[in-house]
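# Summary of structural features
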Amino acid sequence: MNTFADGLARALGLIAGADTTLWSIVSRSLAVSGAACLLACGFGLVLGAWLGVTRFTGRGALVTVLNTSLAVPSVVVGLVVYLLLSRSGPLGALGWLFSFQAMVFAQALLVLPVCTALTRQVVEDADRANGEQLQSLGAGRLLRSLLLAFDERYALLTVLLACFGRAISEVGAVMIVGGNIDGFTRVMTTAIALETSKGDLPLALALGIVLLAVVLALNALIAAVARWRGARAEGLGALQGAGG
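Read on for an overview of the structure. (Residues numbered from 1 in each chain as written. Predicted model: local features only at pLDDT ≥ 70, side-chain atom pairs only at ≥ 80, totals over all residues. Heavy atoms only, no water.)

Let us now look at the overall build of the protein chain. Secondary structure summary: the protein chain contains ten helices and zero strands in total. Of the contacts made within the protein chain by residues no fewer than 6 positions apart, 72% connect residues no fewer than 24 positions apart. Surface exposure of the protein chain reaches about 12,900 Å², of which carbon and sulfur atoms provide 67%. (Helix = DSSP H or I, 4+ residues; strand = E, 2+ residues; numbered from the N terminus. Contact = heavy atoms within 4.5 Å. Areas by Shrake-Rupley, 256 points an atom, 1.4 Å probe, with all protein chains shown as cover.)

In structure tokens, the structure reads:
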């Protein structure tokens, strides 16, 4: 108990004292996850919105594969990216292995199916409610998908927050493709694993506290957006009822 208490006190001291090593790891983690989400969500939002309104042969199979990919272990994604970026791999000429770019690539592949699948569900539900009206006004599939996505932008905001939480809490893929190199590719999750194995509990605890704080903040934002959407919907319903 004393060891844990001492480690926790030292961890809080590292956070309060703005330890250089600690905050360089934190900033790198935020940069990697932010870049990965920016790339993956930019494509995933468009693809998911399009799938939400489009019907074609094989769509059900594609949606099944997409939903199944949500459960793919991160170490498998890391292995695939490692093979792609290795010297003998098809992308070996890029020289990205054990670099910032490799970690962004791996996390983007992890986040992409999450963003696409959740966006598809949100837009598909909206299409059932309002799609026929937009179609009767002459909106094509692409325009309809974009209009519905814009209309559900607050729900999609929670999707983006969930994607960032998925990315920043990931450890397996970035460990494989990044190599956990001190000062270059060490992020919060990989540093926690390494420092714990080395017995440096204060730094591991400090990183764990910051990571938990980030995840807690994301969940608080998601809950706040959900409550705000509910209150806004009730307010609009009351105004429509009063006007009727």
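Positionally, Glu124 belongs in helix α5 (residues 100–136). Residue Glu124 is classed as buried on the basis of its relative accessible area of 8%. A polar atom in the side chain of Glu124 sits 2.4 Å from the side chain of Arg120. What Glu124 contacts, discounting residues up to four positions off in sequence, is Gly52, Arg55 and Arg59. (Buried < 20%, exposed > 50% of the residue type's maximum accessible area, 1.4 Å probe, protein only. Polar contact = N/O pair within 3.5 Å; in protein donor to acceptor, adjacent residues only side chain to side chain.)

With that settled, consider the pattern of salt bridges. Oppositely charged side chains are able to pair whenever their charged atoms sit close together. Scanning the entire structure with this criterion turns up seven salt bridges. Put simply, Asp182 and Arg186 hold a salt bridge, and the shortest N to O gap is 3.7 Å. Given a relative accessible area of 53%, Asp182 falls into the exposed group. A salt bridge links Glu195 to Lys198; the shortest N-O distance between them is 3.6 Å. Here Lys198 and Glu195 lie together in helix α9 (residues 188–198), a separation of three residues that amounts to about one turn. Look at Lys198 and you get exposed, because its relative accessible area is 56%. A single salt-bridge network, built from bridges that share partners, covers Arg59, Arg120, Glu124, Asp125 and Arg128. (Salt bridge = Lys/Arg side-chain N within 4 Å of Asp/Glu carboxyl O.)

As a further point, take the packing of aromatic side chains. Applying the stated rule across the entire model yields three aromatic pairs. Pairing Trp50 with Phe56 gives two aromatic rings, centres 5.7 Å apart and planes at 20°, and the pair type is stacked. The class for Phe56 is partly exposed, based on a relative accessible area of 32%. Between Tyr154 and Trp228, the aromatic rings sit 4.6 Å apart at their centres with planes inclined by 65°, giving edge-to-face as the arrangement. Linking Tyr154 in helix α7 (residues 153–168) with Trp228 in helix α10 (residues 201–243), this pair joins segments that are 74 residues apart in sequence. Residue classification places Tyr154 among the partly exposed positions, given a relative accessible area of 25%. Assessed through its relative accessible area of 42%, Trp228 is described here as partly exposed. When the ring centre of Phe150 is taken as reference, the NZ or CZ atom of Arg153 above it lies at 4.3 Å. (Phe/Tyr/Trp six-rings, centres within 6.5 Å; stacked < 30°, edge-to-face > 60°. Lys NZ or Arg CZ within 6 Å of the ring centre and 35° of its normal.)

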